[in-house]
Amino acid sequence: MAATRIEVPRSAIAITLNGERTAVEVDNRTSLLDLLREQLGLTGAKKGCDHGQCGACTVLVDSRRVNACLTLAVTLDGAEIHTIEGLSDGGELHPVQRAFLERDAFQCGYCTPGQICSAVGAIREAKDGWPSHVTEDLSAAAVVLDDEEVRERMSGNLCRCGAYANIVPAVLDAAGEGSDDGTDLPRREEFHPIPSVEEVAG
Amino acid sequence: MKPFEYERADDVAGAVATLERDPDAKYLAGGTNLVDLMRLRVETPSRLVDVNRLDLGGIVVEADGAVRIGAAVRNSDLAADPVIRERYPVLSRALLSAASGQLRNMASVGGNLLQRTRCVYFMDSSKPCNKREPGSGCPAIVGVSRELAILGASEHCIATHPGDMAVALTALDAIVHFETAAGPDSLPMSGFHRLPGDDPSRDTNLPPGALITSVEVPPLSFGGRSTYRKARDRRSYAFALASVAAALDVEDGIIRDLRIAVGAVSHKPWRATVAEELLRGSPATPDRFEAAIRAELDIARPTEQNAFKIPLVTRLVVGVLDELAHP
Ligand SMILES: Cc1cc2nc3c(=O)[nH]c(=O)nc-3n(C[C@H](O)[C@H](O)[C@H](O)COP(=O)(O)OP(=O)(O)OC[C@H]3O[C@@H](n4cnc5c(N)ncnc54)[C@H](O)[C@@H]3O)c2cc1C
Ligand code: FES
Ligand code: FES
């Protein structure tokens, strides 16, 4: 019997991926994680659970850390996405990547891309004065990061190897690094969203 | 995942009209619950109406002192908002105790209110569940029920509303505003989530197809003296076994007014009206706190697996009220 082709709804989207404009067509069901890994060949972000429970898939969308496994790619038309592959600047590692190397903050490395992207987002959140569950004084304008704060803020990233003892100091090192905020990404407000597919099509 | 059509809503009326036309369509906000449940085939919408580009953002202080929070505001932005931190610390604390940094960046106020139960039978489409498949039975009552309800459950369902934010909003007497094809309407938090009764398939009293547009938090003179405490199996990134949102107004050791809501014990955030009534006008002492919450929990009907929630809730409430009485 001839195989029947089942038509599944698809959509065209345009994103800026690690600084490069990328136009793709996706099955509406495709997660950002599957788009990156299966369609675009960027296998840095990992699939640990596919349910938002481990953080291995963490990437930055418009400078904010999110779980790529629960983000539908079809929703991202016009978005700016940074993955682990786009954090280094030419040959120059990102401060968080450097800190992870210097502190030996991994064993098997499976959770590491997610940990690093999450740390970039978490450092930005702390610099923006966002409190956390363990912040005692909610009225304090500035956040002082310490072990407890980093553990809480990074709790969305599990490490099966238990490299936490080195991850925490690595994040603290990167956060304290002189450069403005330990991230080289523009702030959310500074993005000039690229025109979406719809806008271009008029 | 079942294939679905996707469209991006440009205006509220259009979004509401689409769901009116296609009752199998669903709104999509952060997707942290809906996409997960679609992957599990618990939710199988024909179409997703993406509400993320609607103009439903913003946290605005209104002329009467109420704070209006747009349905699209992300949980992380709400928790960090200076007005919320100052006037309603209980709301910031509840949000900060939930999920992870990544999930809070995605999760919206509207989606958070409508997140579904974490009952393992509901989330497993190979199992019976009256909420997912009316009439199929409730295996939880004699099965895995450690996380589930001790108050207001029925013989058909012992699921809980698992969220934290709604517990704080219940303590704060917030009002949920929404839009239907018939126009704008609202529900108080006390009447938003419902008890399961003989129709556990419905989590809330929100009319079908309604689009939540904002949540209004009325002014509360003693809102600054409020907090949230959550007990869970690990210290972070876990749902509550039980939680308490409370606000307290004490003068000279006497309670003038208070708010108590308990989370993860019922199909809805449980406003502890019996305890509040007993404590209004009484001395702010731990023995009074304990007597009041015991009276509240008098009607609790736990399973063997979740009977621990009674002493847990008792200690949480006494602890939180004591903390608020002695800042
Ligand atoms: C691993 C994990 C851990 C978690 N831990 C916690 C926790 O500890 N505490 C806690 O409280 N929560 C927790 N959550 C749940 C999380 O808070 C919710 O998934 C989130 O708040 C849902 O918001 P959303 O915007 O992503 O909703 P979506 O998933 O987009 O939508 C959820 C539902 O709301 C409907 N909806 C969305 N917006 C509207 C609107 N404006 N009007 C009408 N309907 C709408 C959708 O149709 C859908 O039915 C956790 C989730 C995960 C995955
Ligand atoms: S793969 Fe996304 S959180 Fe685990
Ligand atoms: S280094 Fe192996 S999982 Fe984290």
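Residues numbered from 1 in each chain as written. Chains lettered and ligands numbered in written order. Predicted model: local features only at pLDDT ≥ 70, side-chain atom pairs only at ≥ 80, totals over all residues. Heavy atoms only, no water.

Within an unreviewed UniProt entry, the label attached to chain B reads Xanthine dehydrogenase family protein subunit M, and the organism entered is Naasia lichenicola.

As recorded by an unreviewed UniProt entry, chain A carries the name 2Fe-2S iron-sulfur cluster binding domain-containing protein and is attributed to Naasia lichenicola. Under the heading Pathway (unreviewed entry), UniProt records this for chain A: "Alkaloid degradation; nicotine degradation." (UniProt positions renumbered as here; feature names shortened; annotations may be inferred.)

### Notes on the pairing of strand 11 (residues 254-263) of chain B
Residue and element names in this part refer to chain B. Counting buried positions along strand 11 yields eight of 10 residues, so the element is predominantly enclosed. The pairing of strand 10 (residues 242-251) with strand 11 spans nine bridges and is classified as antiparallel. If you follow Glu251 over to strand 11, its bridge partner there is Ile254. Examined bridge by bridge, strand 11 and strand 12 (residues 270-271) share two bridges and lie antiparallel to one another. (Buried < 20%, exposed > 50% of the residue type's maximum accessible area, 1.4 Å probe, protein only. Helix = DSSP H or I, 4+ residues; strand = E, 2+ residues; numbered from the N terminus. Pairing = 2+ DSSP bridges.)

### Some thoughts on the sheet that holds strand 4 (residues 59-61) of chain B
Whenever strands of a sheet pair, they do so through backbone hydrogen bonds, lying parallel or antiparallel. All names here are of chain B. Here five strands make up an open sheet; going across it, the order is 4-5-8-6-7 and the pairing antiparallel. The strands lining the two open edges of the sheet, one partner per strand, are strand 4 and strand 7 (183-188). Between one strand axis and the next, the sheet turns by 25° as a mean value, whatever way the strands run. As defined by bridge partners, strand 6 (residues 175-180) adjoins strand 7 across six bridges and the pair is classed as antiparallel. In the sheet register, Thr180 faces strand 7, and the bridge partner there is Gly183. (Axes fitted to C-alpha atoms, helices over the stretch in contact; angles between N-to-C directions.)

### Regarding the domain arrangement of chain A
All names here are of chain A. Domains assigned within chain A are domain 1 (10-87 + 187-201) and domain 2 (95-175). Computed over C-alpha atoms, the centres of domain 1 and domain 2 are 22 Å apart. At the junction of the two partners, domain 1 supplies 19 residues and domain 2 supplies 19 residues. Roughly 1,600 Å² is buried in total at the junction of domain 1 and domain 2, and carbon and sulfur atoms are behind 54% of that figure. Between Glu125 and Arg65 there is a salt bridge whose closest N-O contact spans 2.8 Å. Applying the counting criterion to the domain 1 and domain 2 interface returns seven residue pairs in polar contact (both at pLDDT 80 or more). If you list the elements that add at least two residues to the side of domain 1 that touches domain 2, you get strand 3 (58-61) and strand 4 (64-67). A per-element tally of the side of domain 1 that touches domain 2 places strand 3 first, with three residues. Looking at the side of domain 1 that touches domain 2 residue by residue, the classes come out as six nonpolar, seven polar and six charged. (Domains from an automatic or database assignment. Contact = heavy atoms within 4.5 Å. Buried area = accessible area lost by both parts, 1.4 Å probe. Salt bridge = Lys/Arg side-chain N within 4 Å of Asp/Glu carboxyl O. Polar contact = N/O pair within 3.5 Å; in protein donor to acceptor, adjacent residues only side chain to side chain. Nonpolar A, V, L, I, M, F, W, Y, C, P; charged D, E, K, R; others polar.)

### Considering the site of ligand 1
Neighbouring ligand 1 are 31 residues, the closest being Tyr27, Gly31, Thr32, Ser108 and Asp164 of chain B. More than a single chain frames ligand 1: its nearby residues are located in chains A and B. Here an oxygen atom of ligand 1 and a backbone polar atom of Tyr27 of chain B are 2.6 Å apart. The contact in question runs from an oxygen atom of ligand 1 to an N or O atom on the side chain of Thr32 of chain B, over 2.6 Å. (Near = heavy atom within 4 Å.)

### Notes on the UniProt feature "domain: FAD-binding PCMH-type" (unreviewed entry) in chain B
As annotated in UniProt, the feature "domain: FAD-binding PCMH-type" (unreviewed entry) corresponds to residues 1-222 of chain B in the numbering used here. In this annotation, residues 1-222 of chain B is assigned 24% helix and 17% strand; the end-to-end C-alpha distance for the span is 47 Å.

### A short note on the pattern of salt bridges
All names here are of chain B. Following the criterion strictly, the structure yields 37 salt bridges over all chains and no others. Here Glu251 and Arg256 are joined by a salt bridge, their closest N and O atoms 3.3 Å apart. Classification of Glu251 as partly exposed rests on a relative accessible area of 42%. A relative accessible area of 48% means that Arg256 is categorised as partly exposed. One salt-bridge network, in which partners are shared between bridges, spans Asp173, Asp257, Arg259, Arg271, Glu276, Glu277 and Arg280.

### Notes on the domain arrangement of chain B
Residue and element names in this part refer to chain B. As far as domains go, chain B holds domain 1 (1-225) and domain 2 (233-325). Its C-alpha centre places domain 1 at a distance of 23 Å from the equivalent point of domain 2. Listed per partner, the contact involves 43 residues of domain 1 and 41 residues of domain 2. On the domain 1 side of the contact with domain 2, Ile150, Leu151 and Arg225 bury the most area, a combined 26% of that side's loss. For the pair domain 1 and domain 2, the interface holds three salt bridges. Residues Asp173 and Arg271 are paired through a salt bridge, measuring 2.7 Å at the closest nitrogen-oxygen approach.

### As for the packing of helix 10 (residues 286-296) of chain B against helix 11 (residues 309-325) of chain B
All names here are of chain B. Between helix 10 and helix 11, whose axes approach to 9 Å, the crossing angle comes to 140°. As the angle between them shows, helix 10 and helix 11 are arranged oblique. Between helix 10 and helix 11 lies a crossing of right-handed hand. Residue-level contacts link Pro286, Phe289, Glu290 and Ile293 of helix 10 to Val313, Thr314, Val317, Val318, Leu321, Asp322 and Ala325 of helix 11. (Parallel < 35°, antiparallel > 145°, perpendicular 65-115°, else oblique. Left-handed = near helix turned anticlockwise from the far one by under 90°.)

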